[in-house]
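Survey of secondary and tertiary structure
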Amino acid sequence: MKSTFHSKRVKVASLLISLMMITGLSDLPDGSGTLHSGSEKAGTEMDSKSVINPDSEEKDFRFPAVPIYGDWTVYTMDDGLPSNKINAVKIDEDRILVGTDQGLAVLENGKWTIYTPEDGLAHRNVISLDVNASTGDVWIGTMSGLNRWSAGVFERFDQFNSGLANDVVYEVQADERYTWIATAAGANRFDTYTNQWKIFNEETSPMHEPWTYGITYGGEKAWIAAWGGGVVEYNNETDQFRVYRDPDGHFQISLFPDDGLVHDITTGVAFDNGVLWVSTYFGLSRYNGQRWWGFFDHNSPLTSNFVNAVKAKYGIGYMATDDGLNTSDGNVWVTYHPAEGSSLGETRITIGDRQRRITTETSISHGFIWNMDIRGDEIWVATSRGLSRGVVTGYADESIL
Amino acid sequence: MKTRYPLLLIGAICAIISVRAEFAGAQTQSEPPRHTFANTPAQIYPFFNFMEPNYRWFEERHPYLGAAREYPFPVNPEVVRIGFIAPLDGSSEYYSMNGQHMLNGALMAFEEANRAGGFRGIPFEVIARNDLGLWGASGNELVSLDDMGVLAAIGSIDGNNTHVAIRVALKLELPMVTTGSTDPTLTDTRIPWVIRTNQDDRQFNFALLNEAYNVRGYTRVALLRANNRYARVGTREFVDGARRLGTPLVIRQVYLPGERNFSPYLEKIEAAGAEAVVLWGEVDEIAEIIRQMRESGMNQTVFTSDKAVSGHFLQLAGEHAEGVIAAYPFHPESGNSELEAFYRNYREKYQTEANSFAVQAYDGARLLIESIRKAGLNRALVRDEITSIESYQGITGTIRLDGSWNNVTPAFIAEIRNGRFYFHQFEWVAESDNR
């Protein structure tokens, strides 16, 4: 019932906004935020000083406010992708790595190259990707094994030839020395210096359930999204653990909104600027080391409680939900969704209890988001139907409302 | 002036406490808000005696919002492939035996469907895989089935393996019907691709709680369970429910799987003054515990899981099985003509008696077949069909799915009297005179 009502509401709003655009009555931001054909800018104009140069990207850089992405470009099978189902995407210097259910696609110099099991890919269904910034090695998690793609060679890791916990590799994250892996039946830390595997499961760690979905690292710590077991924090220097669980301890309820992790069925973790973001199928959690915040679609601008994955960069959390792309710094939210029944997009900006909806001429390709990657002023979004690229066109601050 | 503020503050706090106490009292006496999750009796809903939670999950079914409905039907397929995963061969005789029964039951449904024309003249083909091997094998096997182009899958039994499989099903966007796992947490995951057509241990716990506390009026109940995941999650609702009823378990004991001397645990249970004991573990362990109880003079009523409802248990426990009370998913001797026909056909085909895994797999497979016939050869459309089912009439009775797509049909109580099982469907006694 709720989704029907929601759909109708969105449809009516889109219709009204479209009508206003046609009649010139739209409440559009003036000056830099003027929405007109080809620019799609909104909010505060992007200061040229705040544009990030990926080549000199500062580790502690933060966006001045939640960015507003626009000028969306969509890639589908018509453009050379092997499938429209995009599971994962990674920006790797000047090329884009794309994990689809029919192979790995690489966009370089405007040309797509497809890699399949015939080329050495562990499995056609690529579901996670990362690049070791120091070595340039590409780590590829598939539905049946893990690859290290180095110097043009696909090296395969699986349960039979390595310490990989399980062949279904939901997440892979590579820091300078270690590759962190979340599998369907336990997580791993692979030491690329010594080739040693460490396994994290219910026998080697305080993991309530052994099924892992996401993993990330930051400083001396790593965090594992253990499905049904909350978040397991591992200190890589002291070899000690800490576990974060839903305090009410029940899957069927959320007792209090901000009492801790929103749910134990976690699907992803991301760490940035001292903040841990945790995605679940029951909402989103944000933890700054002192306090937890819980976000749900019934009490916040989060567009769906079903959050497939989370990333965090430049002080912003990026949430891949089954009903839109969400970005937030914890206070200000900008969400993206294709406008229903048209090729237009809808961007919603929420600051406090005030919200503005903007209809854009371009859009992310589908509302069901599997994952995304961010670098500099661009974002790439993996969706259920196609890949989308957006760029920062402004920032969400009071001036836009 | 300053001294008045603390007094005012104390007064205000007292007033708030007083109002809160009245509110709490009123809340416990009033009707609970309507909810569907697991068909949980109001008295044992989490925190019901204290407060309304901020949010109740599973009151609505979560929709699938992806693009998979757009995928075209396969062109001129020769067969419609259905995946099947279960423990079929491995170290556990119990699991592999039941996995084989489950496969047999599912196969009977698909063979019947093929005799009736399959899917618009295209036969169904069941591809079975064993998940009782490598750690997390069910995920790998489901991926392999996806590679073969299955339209949907059925499975499995073990909670661990089924959890791994349903997450893979979510990523593969593959509809899945679970017919054998009693792990209550499976459908607590909000995966909109998976339904469960058998009752879980939560439903069994509700039936046993009602029988122990509401019907028989016990107030001092003990728990002895195996130290493994099956028994941990399988008894959680009983432990929580007993506490919420105001009669927490008097003692909880955990044994290591494989242990054969249970006297240290039993002595503690006896010393705690238990009137009844809940046992949760493998069938040979339960039989042995009961034997040791009775031989040491312990006459407490024993409550246990569906695993005890078998000829194998009666054989193992012998005379000591008398009076044991177990939960069971349906009435195997209900006289339902379709059920009787299934038993006959099964016996004829496999030269053995069908057990609950076979019967429930048959029901789950028939539900899936009907859904495929309505939806066509698109996974998301099949998903839409199976997840829109409110109730389904199977040979086991009515399968009623809640907001988490879990079968919440009240379980049956099976009591052993004179070496026979006697069944009746449990009905929650809201305010028992026995308490």
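Residues numbered from 1 in each chain as written. Chains lettered and ligands numbered in written order. Predicted model: local features only at pLDDT ≥ 70, side-chain atom pairs only at ≥ 80, totals over all residues.

Moving on to the overall build of chain B. What chain B contains, in helices and strands, is 12 helices and 15 strands. Expressed along its principal axes, the backbone C-alpha trace of chain B runs to roughly 85 × 65 × 40 Å. Looking at chain B residue by residue over its 435 residues, the buried ones come to 50%. (Helix = DSSP H or I, 4+ residues; strand = E, 2+ residues; numbered from the N terminus. Buried ≥ 20, exposed ≤ 12 C-beta atoms within 10 Å, placed from the backbone.)

What follows concerns the pairing of strand 21 (residues 283-287) of chain A. All names here are of chain A. With four of its five residues buried, strand 21 lies for the most part within the structure. As paired strands, strand 20 (residues 275-280) and strand 21 are joined by five bridges and run antiparallel to one another. Paired with Val 278 across the strands is Ser 285, a residue of strand 21. Linking strand 20 back to strand 21 in an antiparallel pair, the connection comprises two residues. Where strand 21 lies against strand 22 (residues 292-295), four bridges are found, and the strand directions are antiparallel. Each residue of the ladder has a partner; that of Ser 285, found in strand 22, is Gly 294. Between strand 21 and strand 22, which follow one another and run antiparallel, lie four residues, and Gly 289 among them has a positive phi close to 95°. (Pairing = 2+ DSSP bridges.)

Turning to the confidence of the model for chain A, a few remarks are in order. For chain A, per-residue confidence averages 88 on the pLDDT scale, and residues scoring 70 or more make up 85% of the total. In the model, residues 1-50 of chain A has pLDDT below 50 throughout and makes 78 contacts with residues more than four positions away in sequence or in other chains. (pLDDT = per-residue confidence, 0-100. Contact = placed C-beta atoms within 7 Å.)

Turning our attention to the interface of chain B and chain A. Taken together, the contact pairs 30 residues of chain B with 35 residues of chain A. Counting residues per element, the ones that place at least two in the side of chain B that touches chain A are strand 1 (55-56), helix 3 (137-147) and helix 4 (159-172) of chain B. By residue class, the composition of the side of chain B that touches chain A is 15 nonpolar, nine polar and six charged. With two bridges connecting them, strand 18 (residues 253-254) of chain A and strand 1 of chain B associate as antiparallel partners. In the strand pairing of strand 1 of chain B, Ser254(A) is matched with Tyr55(B). (Nonpolar A, V, L, I, M, F, W, Y, C, P; charged D, E, K, R; others polar.)

What follows concerns helix 6 (residues 229-244) of chain B. Residue and element names in this part refer to chain B. The terminal C-alpha atoms of helix 6, which comprises 16 residues, lie 23 Å apart, in line with the 22 Å expected from a rise of 1.5 Å per residue. Within helix 6, the axis deviates most sharply at Thr 235, by approximately 40°. Along helix 6, the residues classified as buried are Tyr 230, Ala 231, Val 233, Gly 234, Thr 235, Glu 237, Phe 238, Gly 241, Ala 242 and Arg 244. Summarising the contacts, the buried residues of helix 6 are in contact with helix 4, helix 5 (201-215), strand 7 (221-226) and strand 9 (276-280). With its phi angle positive at about 90°, Gly 246 sits one or two positions after the end of helix 6. (Expected span 1.5 Å × (residues − 1). Bend = angle between axes of the 7 residues up to and from the residue.)

So, about the sheet that holds strand 25 (residues 324-328) of chain A. Residue and element names in this part refer to chain A. Read from one edge of the open sheet, six strands run 23-24-25-26-27-28, paired in antiparallel fashion. With one partner strand each, in any of the chains shown, strand 23 (307-313) and strand 28 (354-360) form the two edges of the open sheet. When the angles between neighbouring strand axes are averaged without regard to direction, this sheet yields 15°. As paired elements, strand 27 (residues 345-351) and strand 28 share seven bridges and run antiparallel to each other. Looking across to strand 28, one finds that Thr 350 is bridged to Gln 355. (Axes fitted to C-alpha atoms, helices over the stretch in contact; angles between N-to-C directions.)

Here we take up the pairing of strand 19 (residues 266-272) of chain A. All names here are of chain A. For strand 19, the tally of buried residues reaches five of seven residues, placing the bulk of the element in the interior. Of the pairings in the sheet, the one linking strand 19 to strand 20 comprises six bridges and is antiparallel in character. Of the residues in strand 20, the one forming a bridge with Val 269 is Val 278.

A word on the packing of helix 5 of chain B against helix 6 of chain B. All names here are of chain B. In the contact formed by helix 5 and helix 6, the axes pass within 7 Å of each other and the chain directions differ by 40°. For helix 5 against helix 6, the interelement crossing comes out right-handed. On helix 6, the residues touching Asp 201, Arg 202, Asn 205, Phe 206, Leu 208 and Leu 209 of helix 5 are Gly 234, Thr 235, Glu 237, Phe 238, Gly 241 and Ala 242. Residues that form the contact of helix 5 with helix 6 fall into these classes: five nonpolar, four polar and three charged. (Left-handed = near helix turned anticlockwise from the far one by under 90°.)

Before going further, it helps to examine the domain arrangement of chain B. Parsing chain B into structural domains produces domain 1 (68-198 + 334-400) and domain 2 (202-328 + 412-425). Looking at the side of domain 1 of chain B that touches domain 2 of chain B, its residues break down into two nonpolar, six polar and one charged. (Domains from an automatic or database assignment.)

Residue and element names in this part refer to chain A. Strands sit in the order 1-31-30-29 across an open sheet of four strands; the sheet is antiparallel. Pairing within the sheet leaves two strands with one partner each, and these edge strands are strand 1 (66-75) and strand 29 (369-375). Taking each pair of neighbouring strands and ignoring which way they run, the sheet shows an average axis angle of 25°. When strand 1 meets strand 31 (residues 386-396), the two strands line up antiparallel, connected through eight bridges. If you follow Gly 70 over to strand 31, its bridge partner there is Val 391.

This part takes up helix 11 (residues 356-375) of chain B. Note that an α-helix has 3.6 residues per turn; residues three or four places apart therefore point the same way. Across its 20 residues, helix 11 of chain B extends 28 Å between first and last C-alpha, which sits within 8% of the 28 Å expected from 1.5 Å per residue. Counted residue by residue, helix 11 of chain B has 17 buried out of 20 residues, so it is predominantly covered.

All names here are of chain B. The linkage connecting Gly 155 with the following residue, Ser 156, adopts the cis geometry, with an omega of -5°. A positive phi is found at Ala 38, a non-glycine position, where the angle reads about 60°. Relative to the assigned elements, Ala 38 resides in the loop between helix 1 (4-29) and strand 1.

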